[in-house]
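What follows is the residue order along each chain.
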Amino acid sequence: MNCIFCQSVSNSSKSVEHIIPESLGNTDHVLPRGWVCDKCNHYFSIKIEKPFLESLHLTEARFQMAVPNKRGRIPYITGFHVQSRTKIEAFHLPNGEGLAVGAARDEDPSRWIQSYTKNTFGTLLLPHTPMPEPCPSLARFIGKVGLEVLAHRALNVAGANYDIAFKPELSDLRNFVRWNCGHNDWPISVRRIYPSDFLFCEPGGEPYEVLHEFKILVTSDSEFFVVFAIFGVEYAMNLGGPEIDGYEKWLTKNSYKSPLYI
């Protein structure tokens, strides 16, 4: 067994690898021990996944949808109370009992307390980030997910671990994701395909939310793209090289429908 990122022998690795971070509600889609070595697993958790999870976009989305991290904590968001000119924090109460608002931890709460005890109405300004900003760190996260989705699709294929770990066509992607070298401008596609709180419904079934989903798209030009959605935002990347034109060409041919639903 070899790590699909650093190529080291990983038979003794103890950690499983969550393709989508566990803090985004993923408990099912994991790679077995050894596909990603313990050292790479730890690196990705700190250097690749943490900046994504702590971005304003993900913090707001997880707050709105009440998605806890693996420790059971739902993030709070910071805003501003106009009447008292106080920075505030909005957070979920335990056991789904609703929301609460209070002065931020680094604020003097006296103005806030005086204002809300005297005024029936007030104005809270809360952040809104409709889309994550494309950047190299986001591209590395998408590439990490992409290589792992490819491995997940091949778990039951004999020799797949070695092929993915040492396939020359994936060298650029491995080097970019694991070592941050080779390409600093790997282009990605980021777009919203449905609202974060959208409810899906099968005929005769109960409505349900989709936190994440993924797919490998193979185009007629034999290009491999990873396509996945988190909270309704679709991310796509070419696994074979730093270009996105083939995906945009595919979208044009398919009326900009997501490959996730074709």
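See above for the structure.
S.K.: Looking at this structure, I do not really get the overall build of the protein chain. What am I missing?
M.R.: Along its length, the protein chain carries seven helices and ten strands. The principal-axis extent of the C-alpha atoms belonging to the protein chain is close to 70 × 45 × 40 Å. For the protein chain, the distance from the average position of its 26 positive side-chain charges to the average position of its 29 negative side-chain charges is 5 Å.

S.K.: Could you clarify how one ought to interpret helix α7 (residues 245-253) in this entry?
M.R.: In an α-helix, one turn spans 3.6 residues; hence positions three or four apart end up facing the same way. Among the residues making up α7, those that are buried are Gly-246, Tyr-247, Trp-250 and Leu-251. Down the axis, α7 shows its buried residues gathered within 140° of arc, on one side only. Facing away from the buried side of α7, by more than 90 degrees, are the exposed residues Asp-245 and Lys-253. For α7, the elements touching its buried residues are β7 (189-192), β8 (212-218), β9 (224-230) and β10 (233-238).

S.K.: How do you make sense of the environment of Ala-229 when you look at a structure like this?
M.R.: By the secondary structure assignment, Ala-229 is in strand β9. Other than its neighbours up to four places away in sequence, Ala-229 contacts Ile-193, Tyr-194, Leu-211, His-212, Glu-213, Glu-234 and Leu-260.

S.K.: Help me understand the packing of aromatic side chains, please; the structure alone is not making it clear to me.
M.R.: Think of a pair of aromatic rings as described by two things: how far the centres are apart, and how the planes are tilted against each other in angle. Scanning the entire structure with this criterion turns up 16 aromatic pairs. An angle of 40° between the planes, with centres 6.0 Å apart, marks the rings of Tyr-194 and Phe-198 as tilted. The class of Tyr-194 is buried, set by a relative accessible area of 7%. In this arrangement the basic side chain of Arg-178 is found over the ring face of Tyr-43, its NZ or CZ atom lying 4.2 Å from the centre. A cation over a ring is seen here: Arg-178 above Trp-179, with NZ or CZ 4.3 Å from the ring centre.

S.K.: Would you mind going over the nonpolar core with me for this structure?
M.R.: For soluble globular proteins, nonpolar side chains are generally found buried alongside one another. Counting residues in hydrophobic clusters, the biggest one holds 48 residues, and the most contacted among them are Ile-4, Phe-5, Ile-164, Phe-228, Ile-230, Tyr-235 and Met-237. Looking at this core, the elements that each hand over two or more residues are α1 (38-53), α2 (56-65), α4 (136-153), α5 (160-166), α6 (171-179), β8, β9 and β10. Residue contributions to this core peak at nine residues, all from α4.

S.K.: I keep staring at the pairing of β10 and nothing clicks. Help me out?
M.R.: Of all six residues in β10, six are buried, a share of seventy percent or more. The two faces of β10 match: Val-233, Tyr-235 and Met-237 on one face and Glu-234, Ala-236 and Asn-238 on the other face are all buried. As judged from the four bridges shared by β7 and β10, these two strands associate in the antiparallel manner. Its bridge partner lying in β10, Arg-192 is registered against Val-233.

S.K.: What is the right way to look at the sheet that holds strand β3 (residues 77-81) in this model?
M.R.: In sheet architecture, strand pairing relies on hydrogen bonds along the backbone and comes in two forms, parallel and antiparallel. If you walk across this open sheet you meet the four strands as β5-β4-β3-β6, and the pairing is antiparallel. The open sheet terminates on both sides in strands that have one partner only, identified here as β5 (99-103) and β6 (124-125). Bridge count between β3 and β6: two bridges; the pairing is antiparallel. In the sheet register, His-81 faces β6, and the bridge partner there is Leu-124.

S.K.: Would you take a moment to explain a nonpolar patch on the surface for this structure?
M.R.: Together, Tyr-76, Phe-91 and Leu-93 line one region of the surface with nonpolar side chains, adding up to about 240 Å² of accessible area. Along the chain, Phe-91 turns up in strand β4 (residues 86-92).

S.K.: Any chance you could explain the sheet that holds β10 here in plain terms?
M.R.: Read from one edge of the open sheet, four strands run β7-β10-β9-β8, paired in antiparallel fashion. Of all the strands in the sheet, the pair left with one neighbour each is β7 and β8. Along the sheet, successive strands turn relative to each other by an average axial angle of 15°, direction set aside. Sheet analysis places β8 next to β9, joined by seven bridges and oriented antiparallel. Along β9, the bridge assignment pairs Glu-213 with Ala-229.

S.K.: How do you make sense of the environment of Phe-5 when you look at a structure like this?
M.R.: Residue placement: Phe-5 occurs in the segment before β1 (17-18). Sequence spacing of Phe-5 and Lys-215 is 210 residues, and the spatial spacing of their C-alpha atoms is 20 Å. When sequence neighbours within four positions are dropped, the list of residues in contact with Phe-5 reads Val-36, Cys-40, Phe-44, Lys-144, Leu-147, Glu-148, Arg-174, Val-177 and Arg-178.

S.K.: Mind showing me how you'd approach the pattern of salt bridges here?
M.R.: If charged atoms from side chains of opposite charge come close, those side chains can pair. Taken as a whole and assessed by the stated rule, the structure comprises eight salt bridges. Between Glu-234 and Arg-191 there is a salt bridge whose closest N-O contact spans 2.8 Å. With Glu-234 in strand β10 and Arg-191 in strand β7, this residue pair connects regions lying 43 residues apart in the sequence. Across the pair, exposure class does not vary: Glu-234 and Arg-191 are buried alike. In this structure, the salt-bridge partner of Asp-221 is Lys-249, at a minimum N-O distance of 3.3 Å. Pair noted here: Asp-221 is in the loop between β8 and β9 and Lys-249 is in helix α7, with a separation of 28 residues, a long-range link. Via salt bridges that share partners, Glu-17, Glu-49, Lys-144 and Glu-148 belong to a single interconnected network.

Quick notes on the rules
Residues numbered from 1 in each chain as written. Predicted model: local features only at pLDDT ≥ 70, side-chain atom pairs only at ≥ 80, totals over all residues. Heavy atoms only, no water. Helix = DSSP H or I, 4+ residues; strand = E, 2+ residues; numbered from the N terminus. Lys, Arg positive; Asp, Glu negative; His and termini not counted. Charge placed at Lys NZ, Arg CZ, Asp CG, Glu CD. Buried < 20%, exposed > 50% of the residue type's maximum accessible area, 1.4 Å probe, protein only. Arc of directions from axis to C-beta. Contact = heavy atoms within 4.5 Å. Phe/Tyr/Trp six-rings, centres within 6.5 Å; stacked < 30°, edge-to-face > 60°. Lys NZ or Arg CZ within 6 Å of the ring centre and 35° of its normal. Core = buried A, V, L, I, M, F, W, Y, C linked by side-chain atoms within 4.5 Å. Pairing = 2+ DSSP bridges. Patch = residues over 30% accessible without salt bridge, like charges linked within 9 Å, V, L, I, M, F, W, Y side chains within 5 Å. Areas by Shrake-Rupley, 256 points an atom, 1.4 Å probe, with all protein chains shown as cover. Salt bridge = Lys/Arg side-chain N within 4 Å of Asp/Glu carboxyl O. Axes fitted to C-alpha atoms, helices over the stretch in contact; angles between N-to-C directions.

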